[in-house]
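Chain by chain, the residues:
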Amino acid sequence: MGVRSEIDHTPPAFLAALEQLHAAPVRPEVAIDEIPAPQRIAPHAHALSGDVEVAGDDVATGRFILLHDPAGNDAWNGEFRCVTFARAEVEAEMAADPALASVGWSWLVDALETHGGTHTAASGSVTVVTTETFGEMADDAGSAQVEVRASWTPTSEVGAHVAAWSELLCTLAGLPPLSPGVVPLQRRRGRR
């Protein structure tokens, strides 16, 4: 690991965080792939996409991005930043509930707490979108989605934050939490 970081100038702290990220236990319903990371936000970045499939249907999707700036970033209050996006279809009745945005944020906070993802400087938004159809599309059913966009500075191992993100995806998809004592399986991660 030391030789690699000297050759490609990747800081050892980022390499260690990547090892934690890849070793993170994720919910078995979540299929994870590596995707291209944004290049201009931080000197070092790594990104994952996750999809939850139930009975052959994609029911939730999201991204998890780990940013690293060895010089630190005042806005992050640290050297690392987790950035996430999670989206799922929801029932129209659920989307009509004015508390859904607050509940959506609590799902993220609860998942981080459950998995030991301690953090600071959290920020984000929860968006609820409903679509109604008209005219020639009037016979098509409308749809509703909830999206959680968030970022935070991790103060614990990165693996806990990836596990929390996978839990958030499953919660948005309406899946029940794993029973106490059940350990989520590690899924193979592909490279794109």
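What you are looking at is a predicted structure, and each value in this text was computed from that prediction instead of being measured.

As for unusual backbone geometry
At step 1: Positive phi is not limited to glycine here, since alanine 55 has a value of about 50 degrees.
At step 2: Following the sequence through the fold, alanine 55 ends up in the loop between β2 (44-54) and β3 (57-73).
At step 3: For alanine 55, a relative accessible area of 79% translates into the label exposed.
At step 4: Backbone geometry at asparagine 77 places phi at a positive 65 degrees, although glycine is not the residue there.
At step 5: Along the polypeptide, asparagine 77 turns up in the loop between β3 and β4 (78-89).

Quick word on the pattern of salt bridges
At step 1: Counted according to the given criterion, the structure contains 3 salt bridges.
At step 2: Put simply, glutamate 167 and arginine 27 hold a salt bridge, and the shortest N to O gap is 3.0 Å. On the criterion of sequence distance, the pair formed by glutamate 167 in helix α5 (residues 158-172) and arginine 27 in the loop between α2 (12-23) and β1 (30-35) is long-range, its members being 140 residues apart. Each member of the pair, glutamate 167 as well as arginine 27, carries the same accessibility label: buried.

What about the confidence of the model for the protein chain?
Low pLDDT means the predicted coordinates in that region are not meant to be read closely.
At step 1: Residue-level pLDDT values for the protein chain average 88, and 89% of them are 70 or greater.
At step 2: Predicted confidence is poor over residues 1-7, with pLDDT under 50, and the contacts of this stretch with residues over four places away or in other chains come to 7 contacts.
At step 3: Contacts from residues 183-192, a stretch scored under 50 in pLDDT, to residues over four places away or in other chains number 33 contacts.

So, helix α4 (residues 100-114)
At step 1: If you check α4, its first and last C-alpha atoms are 20 Å apart, about what 15 residues at 1.5 Å a residue would give, namely 21 Å.
At step 2: Residues of α4 that are buried include every one of Leu100, Gly104, Trp107, Leu108, Ala111 and Leu112, and no others. What you see down the axis of α4 is that its buried residues fit within an arc of 130 degrees, all on one side. More than 90 degrees from the buried face of α4, the exposed residues found are Ser102, Glu113 and Thr114.
At step 3: Among the structural elements, α3 (92-96), β5 (119-131), β6 (143-154) and α5 are those in contact with the buried residues of α4.

Observations concerning the packing of α2 against α5
At step 1: Packing of α2 against α5 leaves a shortest axis separation of 7 Å and a crossing angle of 35 degrees. Considering how the two elements wind past one another, α2 and α5 form a crossing that is right-handed. Along the contact surface, α2 presents Ala17, Gln20 and Leu21, while α5 presents Val158, Gly159 and Val162.

Describing the environment of aspartate 58
At step 1: Within the secondary structure, aspartate 58 is located in strand β3.
At step 2: Assessed through its relative accessible area of 59%, aspartate 58 is described here as exposed.
At step 3: Among all residues touching aspartate 58, those that are not within four sequence positions of it are Val52 and Glu53.

Observations regarding the nonpolar core
At step 1: With 39 residues, the main nonpolar core has Phe64, Leu66, Val162 and Leu172 as its most contacted residues.
At step 2: Residue assignment for this core shows that the elements contributing at least two residues are α2, β1, β2, β3, β4, α4, β6 and α5.
At step 3: Of all the elements, α5 adds the most residues to this core, at 8 residues.
At step 4: Among residues more than four places away in sequence, those in contact with leucine 172 are Ala86, Arg87, Ala88, Glu89, Trp107, Val146 and Val148.
At step 5: Among the nonpolar cores identified, the runner-up in size contains 6 residues, and Ala37, Ala47, Ile65 and Leu67 belong to it.

Parameters and conventions
Residues numbered from 1 in each chain as written. Predicted model: local features only at pLDDT ≥ 70, side-chain atom pairs only at ≥ 80, totals over all residues. Heavy atoms only, no water. Helix = DSSP H or I, 4+ residues; strand = E, 2+ residues; numbered from the N terminus. Buried < 20%, exposed > 50% of the residue type's maximum accessible area, 1.4 Å probe, protein only. Salt bridge = Lys/Arg side-chain N within 4 Å of Asp/Glu carboxyl O. pLDDT = per-residue confidence, 0-100. Contact = heavy atoms within 4.5 Å. Expected span 1.5 Å × (residues − 1). Arc of directions from axis to C-beta. Axes fitted to C-alpha atoms, helices over the stretch in contact; angles between N-to-C directions. Left-handed = near helix turned anticlockwise from the far one by under 90°. Core = buried A, V, L, I, M, F, W, Y, C linked by side-chain atoms within 4.5 Å.

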